[in-house]
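Architecture and fold: a report
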Amino acid sequence: MKKIGRMIIAGFPSPAVDGQAKRLVRDYGVGNFVLFTRNLLSPGQAAELCDGLHSLVAEDKDEFAPFIGVDQEGGPVSRICSGASLFPGAMAVAAGGTDSAYGIGLRCGRILHAMGINTNFAPVLDVNISPMNPIIGTRSFSDDPALVAKLGADMLRGLKNAGVLALVKHFPGHGNVSDDSHLGIPENNVPREILERTEWMPFRKAFEEGADGLMTAHVRYTDVDDQRPATLSPAIMHDLLRVRMGFSGLAFTDCMEMDAIKRCFGLRKGAVMAVEAGCDLLTFSHTIEAVDEAAHGVYDAVKSGRIPESRLDESLTRIAAVKNKYGLVSRQHIDAAYAEKLCADRQWQKTNADISEASITLLSTIGVGPDVIKADKKVFFSPESAALTRVEDNRHTKLCFSLSCAESLGGTGVVTPLNGIDQGVEAMLKKDFDVAVLGLYNARFRPGQVQLLRLLEASGKPLIVVLLGAPYDAALVRRANAVIAAYEYTPLSVAAVIKALRDGRFPGRSPVRLQ
């Protein structure tokens, strides 16, 4: 069982080394951990937690330190949001220029490394070809494979130079689907010859740049394997990845508790199939019951001869090679004070803010400048930020674009429902106002927001629309004096939009084609 445990990376519910974390190591020999916002309260606390996890694994006589991983992509998928640890997400970075991805990777990597987090589930190399993709969107740099490849490779180098294992994801691409793998199995029906020059190209580039790890996609590529998602497919995880692309690093699965695996195959069967396909580490984000079911499934498959023990040894050899390469060969020294110091670095925080400000994009306009926002009777509408997908965590503090704008620019801020119109909104629409600013938050999936947009368009009053999610919402707008893309709903982007409205300066350029 211990060999199987060394091939598992698992989560637990607390901001301290809790009973589940201890059971994972004691009962299953788990040698690696994944952290979420629920585990991370501050840089210093995160460092103390990682120190405890290192001790836990060392007590189990593991000759290696654990992989401790996190999804620190930037933007809406940021598990750590303290000071300099919060930086713009991929599409915002691309909109602001092409010279900041390396620096972001380096600074992010240094902060993570100081906390004791040695693995980042980033950068995202998915090419967001589908505007109706519900799970990737602005987590992608672009719909242009060459731009994704360049910026992804830059961020990869930055993380790597900081001593952090970067997992490029989601191999072989999650960008051209319209379903969420948390809820089922998305399908990509594109012919193989097109995939070669689009979605697969950034991964080839990353492998050439020396990527040592990847995370799989629970996506079915029907022209390669019309039965199994990539995570469970030998045709993809062995024939394509290992043989054709020559990748010799580590293949981490995306979370096995997502419905694409758990509901469609079952954890026991899915874990066996993932190991047979060639995956090295199986990821479980939430429950110990999931680890138990999967670990015993693999154990029984080895005992029955279905999986040769040599197959486990093959992955353990790869794991050992990467841990040796990243210095994870003994008890690690973690400095909580240094982690706090890096997150508090004012210059790094300013750099992140500058990148965010450079991303704000004026998609269309009919004469909008600083004078418009100086009108006496301004009203701002927006929902509060929220975790719209299962890949995002709920923030520790609420963020509301409309209230922030009113506080900084004057006027009235109205908090709207995420998908609808309430009495407060209706009352405000009946009042007199000179200009309205509406924040849309991935409204193409929420018709209630579109309803409010239509009412403001029909009012005949000057209207500014700010896209707090993906810029594809621009296609919903029929009449507006300006449409502005912020690419994400974070403290950085809200501050950047307010500054752009005040100054009338919008330096960004959309990295995706809009209809």
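Described in the following lines is the structure provided in the data block. (Residues numbered from 1 in each chain as written. Predicted model: local features only at pLDDT ≥ 70, side-chain atom pairs only at ≥ 80, totals over all residues. Heavy atoms only, no water.)

**Section: the side chain of Gln449**
Inspection of the secondary structure puts Gln449 in helix 19 (residues 447-458). There is a polar contact of 2.9 Å between the side chain of Gln449 and the backbone oxygen of Leu418. Ignoring any residue separated from it by four or fewer positions in sequence, one finds Gln449 in contact with Pro383, Leu418, Asn419, Gly420, Gly439, Leu440, Tyr441 and Ala443. (Helix = DSSP H or I, 4+ residues; strand = E, 2+ residues; numbered from the N terminus. Polar contact = N/O pair within 3.5 Å; in protein donor to acceptor, adjacent residues only side chain to side chain. Contact = heavy atoms within 4.5 Å.)

**Some points on the sheet that holds strand 6 (residues 119-120)**
Spatially, eight strands are ordered 1-2-3-6-7-9-11-12 in a closed barrel, and the strand pairing comes out parallel. Two elements, strand 1 (residues 8-10) and strand 12 (residues 281-284), share three bridges in a ladder whose sense is parallel. Residue pairing in the sheet places Ile8 in a bridge with Leu282 of strand 12. Along the sheet face, helix 3 (residues 43-59) touches strand 2 (32-35) and strand 3 (67-70) and points at about 160 degrees away from the line of strand 2. (Pairing = 2+ DSSP bridges. Axes fitted to C-alpha atoms, helices over the stretch in contact; angles between N-to-C directions.)

**Points about the packing of aromatic side chains**
The description of an aromatic ring pair rests on the distance of the ring centres and on the angle between the ring planes. Applying the stated criterion across every chain, the model contains eight aromatic pairs. A ring pair is formed by Phe171 and Phe207, whose centres lie 6.1 Å apart and whose planes are at 45 degrees; its orientation type is tilted. Taken as a pair, Phe171 in strand 7 (residues 165-171) and Phe207 in helix 8 (residues 201-208) lie far apart in primary sequence, 36 residues in all. This pair shows no difference in class: Phe171 is buried, exactly as Phe207 is. Ring pairs connect the aromatic residues Phe171, Phe203, Phe207 and Phe247, which therefore count as one cluster. When the ring centre of Phe67 is taken as origin, the NZ or CZ atom of Lys323, which lies over that ring, is 4.7 Å away. Geometry around Phe433 places Lys461 over its ring, the cationic atom sitting 4.7 Å from the centre. (Phe/Tyr/Trp six-rings, centres within 6.5 Å; stacked < 30°, edge-to-face > 60°. Buried < 20%, exposed > 50% of the residue type's maximum accessible area, 1.4 Å probe, protein only. Lys NZ or Arg CZ within 6 Å of the ring centre and 35° of its normal.)

**Side note on the pattern of salt bridges**
For the structure on display, the rule yields 33 salt bridges. Note that Lys3 is salt-bridged to Asp313, the shortest N-O span being 2.8 Å. Here the residue Lys3 occupies a position in helix 1 (residues 2-5), and Asp313 occupies one in helix 13 (residues 309-325), the gap between them amounting to 310 residues. The class for Lys3 is partly exposed, based on a relative accessible area of 31%. (Salt bridge = Lys/Arg side-chain N within 4 Å of Asp/Glu carboxyl O.)

**Notes on the environment of Phe207**
Residue classification places Phe207 among the buried positions, given a relative accessible area of 13%. Along the backbone, Phe207 and Val168 are 39 residues apart, and their C-alpha atoms lie at a distance of 9.3 Å. In this structure, Phe207 is in contact with Val168, Phe171, Leu214, Leu241, Met245 and Phe247, ignoring residues within four places of it in sequence.

**Section: the pairing of strand 14 (residues 378-382)**
Counting buried residues along strand 14, five of its five residues qualify, which places the element largely inside the surrounding structure. Side chains of strand 14 alternate between two faces, with Lys378, Phe380 and Ser382 and Val379 and Phe381 buried alike. Taken together, the four bridges between strand 14 and strand 16 (residues 435-440) define a ladder with parallel strand orientation. The partner of Phe380 across the bridge, within strand 16, is Val437. Examined bridge by bridge, strand 14 and strand 15 (residues 412-415) share four bridges and lie parallel to one another. Its bridge partner lying in strand 15, Phe381 is registered against Val414.

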